[in-house]
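# Reading the structure
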Amino acid sequence: MGRLDGKIAIVTGAASGIGEATARTFAREGARVTLTDVQDAKGETVAREIGGVYTHQDVSQEPQWTALIEDVLRREGRLDILVNNAGVFMGATIEDTELELWNRVIAVNLTGVMLGCKHAVRAMKTNPGGPKGSIVNISSITGYIGLANGAAYTASKGGVRLLTKSVAVHCARQYKTIRCNSVHPGAIDTPMNQAAFDASGNPDEMRAFFSSLQPIGRMTTSQEIADACLYLASDESSSVTGAEVLVDGGWLAASGPI
Ligand SMILES: NC(=O)c1ccc[n+]([C@@H]2O[C@H](COP(=O)([O-])OP(=O)(O)OC[C@H]3O[C@@H](n4cnc5c(N)ncnc54)[C@H](O)[C@@H]3O)[C@@H](O)[C@H]2O)c1
């Protein structure tokens with residue numbers, strides 16, 4: 001028996017990295033998954049491999065959320081799980097942050113999550129059998145600490161951390177069984193990070209540096225983030241809402257690299 005048997009899930013940014021691992025894990029555990037992304041070819045391939053449905057979606061655009069949720073409700077009749085995973089990183093210190101960069105990062109990483117929560121709650125409260133659902137928002141270790149070369153990114157992830165609590169409290173008071181939690185990855189071994197390492201000219205040194213940030217001595221895998229999402233998406237976490245799940249190999253617990 002799967003831990004998500006019969007559940008209807010949406011995972012955004014599911015074409016690669018953490019979103020892909022989460023979509024694969026959810027499907028393996030019995031969920032019917034709708035995958036969304038802006039990388040259509042990759043998203044369609046993953047969806048085909050796991051028996052899911054792929055939909056093109058820019059999470060920063062509200063009409064695309066309306067259309068997505070309508071489509072899922074038409075096909076599946078309910079929505080049980082949303083993982084707001086899609087995100088972008090654009091490096092810039094506060095001195096170098098152009099308004100265009102700021103607006104783009106906030107639009108995808110924070111406004112996209114807000115829109116997802118808004119439309120998912122509206123759907124989950126009408127589920128047959130009564131209101132029920134679980135929303136998982138992917139924040140970051142930068143929801144707690146500042147990244148000098150990521151002013152907009154840090155602001156967006158801090159916003160996701162507290163937005164999650166507002167959604168959680170509203171849903172708990174109004175509907176009792178609709179939950180919302182955030183997951184905070186540390187240094188994750190994703191294709192995106194590997195590409196950045198490769199581009200640096202010294203991939204081994206970069207990998208060693210990122211590994212040294214986490215006291216466990218290695219980077220965290222996408223699967224380890226997917227497993228945290230699985231717990232929060234499943235009924236095993238039925239009393240967990242407004243919580244922050246830090247998956248950072250001990251990074252934040254340490255006062256420096258050890
Ligand atoms: N990789 C890390 O070290 C790390 C650490 C902390 C937090 N995170 C967060 O985890 C999440 C997933 O990141 P990842 O590392 O798997 O990166 P990734 O680049 O592999 O995945 C992000 C996905 O989001 C998609 N996407 C980008 N803009 C979009 C948009 N407007 N609409 C829909 N989809 C869009 C991308 O096409 C991509 O497939 C992000 O929110 C990221 O900020 C990652």
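Placed above this text is the structure.
Residues numbered from 1 in each chain as written. Predicted model: local features only at pLDDT ≥ 70, side-chain atom pairs only at ≥ 80, totals over all residues. Heavy atoms only, no water.

### Section: the overall build of the protein
- Scanning the protein from terminus to terminus reveals 8 helices and 9 strands.
- Compactness check: the protein gives a C-alpha radius of gyration of 18 Å against a globular reference of 18 Å for 258 residues, within 12% of the reference.
- A separation of at least 24 residues holds for 68% of the contacts in the protein among residues at least 6 apart in sequence.
- Within the structure as shown, the protein displays about 11600 Å² of accessible surface, and the carbon and sulfur contribution to it stands at 55%. (Helix = DSSP H or I, 4+ residues; strand = E, 2+ residues; numbered from the N terminus. Rg over C-alpha atoms; globule rule 2.2 N^0.38 Å. Contact = heavy atoms within 4.5 Å. Areas by Shrake-Rupley, 256 points an atom, 1.4 Å probe, with all protein chains shown as cover.)

### Points about the pattern of salt bridges
- Tallied over the entire structure, the rule returns 16 salt bridges.
- Linking R75 and D71 is a salt bridge whose minimum nitrogen-to-oxygen distance equals 3.1 Å. Of this pair, R75 and D71 both sit in helix α3 (residues 62-76), 4 residues apart, which is roughly one turn of that helix.
- The shortest N-O distance in the salt bridge between D235 and K132 comes to 3.2 Å. You can see D235 sitting in the loop between α8 (222-233) and β9 (244-247) and its partner K132 sitting in the loop between α4 (99-124) and β5 (133-138), a full 103 residues away along the chain.
- Taking relative accessible area as the criterion, D235 reaches 40% and is therefore assigned partly exposed.
- Overlapping salt bridges bring together R32, D71, R74, R75 and E76 as one network. (Salt bridge = Lys/Arg side-chain N within 4 Å of Asp/Glu carboxyl O. Buried < 20%, exposed > 50% of the residue type's maximum accessible area, 1.4 Å probe, protein only.)

### A look at unusual backbone geometry
- Residue K176 is not a glycine yet carries a positive backbone phi of 65 degrees.
- Relative to the elements of secondary structure, K176 occurs in the loop between α5 (151-175) and β6 (178-185).
- Classification of K176 by relative accessible area gives exposed; the value is 61%.

### Considerations on the site of the ligand
- Taken together, 28 residues form the shell around the ligand, and within it S16, I18, D37, N85 and Y153 come nearest.
- Take N85: an N or O atom from its main chain is 2.8 Å from an oxygen atom of the ligand.
- The protein chains hide 92% of the 830 Å² of surface that the ligand would expose on its own.
- Cavity membership is defined here by more than half of the atoms lying within 2 Å of grid points; on that basis the ligand lies in the largest pocket.
- Breaking the shell around the ligand down by element, the ones donating at least two residues are α1 (17-28), α4, α5 and α6 (191-199).
- Residue composition of the shell around the ligand, grouped by class: 12 nonpolar, 12 polar and 4 charged. (Near = heavy atom within 4 Å. Polar contact = N/O pair within 3.5 Å; in protein donor to acceptor, adjacent residues only side chain to side chain. 1 Å grid on protein atoms, 1.4 Å probe; cavity = no way out; pocket = protein on both sides within 12 Å on 5 of 7 lines; lining within 4 Å. Sits in = over half its atoms within 2 Å of the grid points. Nonpolar A, V, L, I, M, F, W, Y, C, P; charged D, E, K, R; others polar.)

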